[in-house]
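Commentary on secondary and tertiary structure
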Amino acid sequence: MRTPIIAGNWKLNKNPQETTEFVNAVKNELPKNTDVETLICAPAVDLPALIEAAKGSELHVGAENCYFEDEGAYTGETSPKVLNEMGIDYVIIGHSERRGYFHETDKDINKKAKAIFANNMKPILCCGESLETREAGKAEEFVEGQIKADLEGLSADQVSNMVIAYEPIWAIGTGKTATADQAEEMCAAIRKTVADLYDETVADKVRIQYGGSVKPANVKEIMSKENIDGGLIGGAALQPDSFLQLAHYKD
Ligand SMILES: O=C[C@H](O)COP(=O)(O)O
């Protein structure tokens with residue numbers, strides 16, 4: 001039985017004070033972790049405020065990115081070792097905005113996944129195709145390639161415990177959601193890729209989220225699909241009311 005995970009990805013939004021205000025507004029209203037796991041992934045500068053405000057609540061805390069080295073001469077990067085020491089649970093890797101704007105490759109993403117596990121945190125691995133790739137009928141093939149490259153060398157136990165987020169680029173921040181059936185079809189294909197690379201047990205355990213214009217109005221239908229175990233949500237996770245509605249999609 002996979003526990004659903006509703007995660008906010010704040011991207012480059014909010015300062016530490018706004019972070020504290022958000023968490024204080026939601027923390028006593030969240031579902032029990034055993035029912036629906038909730039998570040906020042915030043910019044690195046907001047993480048101390050996020051961790052402090054979330055203490056003792058059901059809310060998990062995550063980073064939006066990290067580097068693959070723990071320390072050294074890497075100006076401007078964020079250490080996975082320090083994220084773990086701070087109390088971070090999850091780190092997003094491979095978001096299409098990082099692949100696109102910051103030229104991150106599957107090799108970088110694979111190294112980051114290994115560094116995150118080495119530091120006792122869990123990666124949320126994003127994958128997803130462009131509109132052009134989808135219209136060429138190559139979405140499954142493209143995402144399968146990303147998954148194979150990004151998971152290379154990870155153990156069955158590691159993959160069982162991570163999260164994969166399917167985020168079609170054409171649905172991010174555009175208001176254009178993939179239909180629940182399109183999202184389910186791709187999440188099922190990702191689970192099959194994991195089964196082919198590992199086995200059915202691993203595929204059955206790994207949690208797969210959908211991301212791309214998820215909002216309170218469509219979350220229930222998306223979450224009703226067999227292979228969708230959660231949402232990775234940008235815009236609709238910025239306001240406490242909206243985040244709480246997403247977290248309580250079962251009610
Ligand atoms: O990581 C989150 C996704 O990029 C989705 O963003 P969005 O919910 O604003 O479309």
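About the criteria used
- Residues numbered from 1 in each chain as written.
- Predicted model: local features only at pLDDT ≥ 70, side-chain atom pairs only at ≥ 80, totals over all residues.
- Heavy atoms only, no water.
- Helix = DSSP H or I, 4+ residues; strand = E, 2+ residues; numbered from the N terminus.
- Expected span 1.5 Å × (residues − 1).
- Buried < 20%, exposed > 50% of the residue type's maximum accessible area, 1.4 Å probe, protein only.
- UniProt positions renumbered as here; feature names shortened; annotations may be inferred.
- Contact = heavy atoms within 4.5 Å.
- Polar contact = N/O pair within 3.5 Å; in protein donor to acceptor, adjacent residues only side chain to side chain.

**A look at helix α9 (residues 180-197)**
Look at α9: 26 Å from first C-alpha to last across 18 residues, which is about the 26 Å you get at 1.5 Å a residue. Listing the buried residues of α9 in full gives Ala180, Ala183, Glu184, Met186, Cys187, Ala189, Ile190, Arg191, Thr193, Val194 and Ala195.

**Things to note about unusual backbone geometry**
Backbone geometry at lysine 11 places phi at a positive 60°, although glycine is not the residue there. Among the structural elements, lysine 11 can be located in the loop between β1 (5-9) and α1 (16-26). Here histidine 103, not a glycine, exhibits a phi torsion of approximately 55°, which is positive. Tracing the backbone through its elements, the reader meets histidine 103 in the loop between α4 (96-101) and α5 (106-118). A relative accessible area of 62% places histidine 103 in the exposed class.

**Digging into the UniProt feature "active site" (unreviewed entry) in the protein chain**
Feature annotation in UniProt places "active site" (unreviewed entry) on His95 and Glu167, given in this structure's numbering. What stands out for the annotated residues spanning 73 residues is how close their C-alpha atoms remain, the widest pair being 8.3 Å apart. Residue histidine 95 is classed as buried on the basis of its relative accessible area of 4%. Contacts of histidine 95, omitting those with residues within four sequence positions, involve Asn9, Lys11, Cys126, Glu167 and Ile172. With respect to the element layout, glutamate 167 can be found in the loop between β6 (163-166) and α9. Among all residues touching glutamate 167, those that are not within four sequence positions of it are His95, Cys126, Cys127, Gly128, Glu129, Ile172, Gly211 and Leu232. For glutamate 167, the side chain forms a polar contact with the side chain of histidine 95, separated by 3.0 Å.

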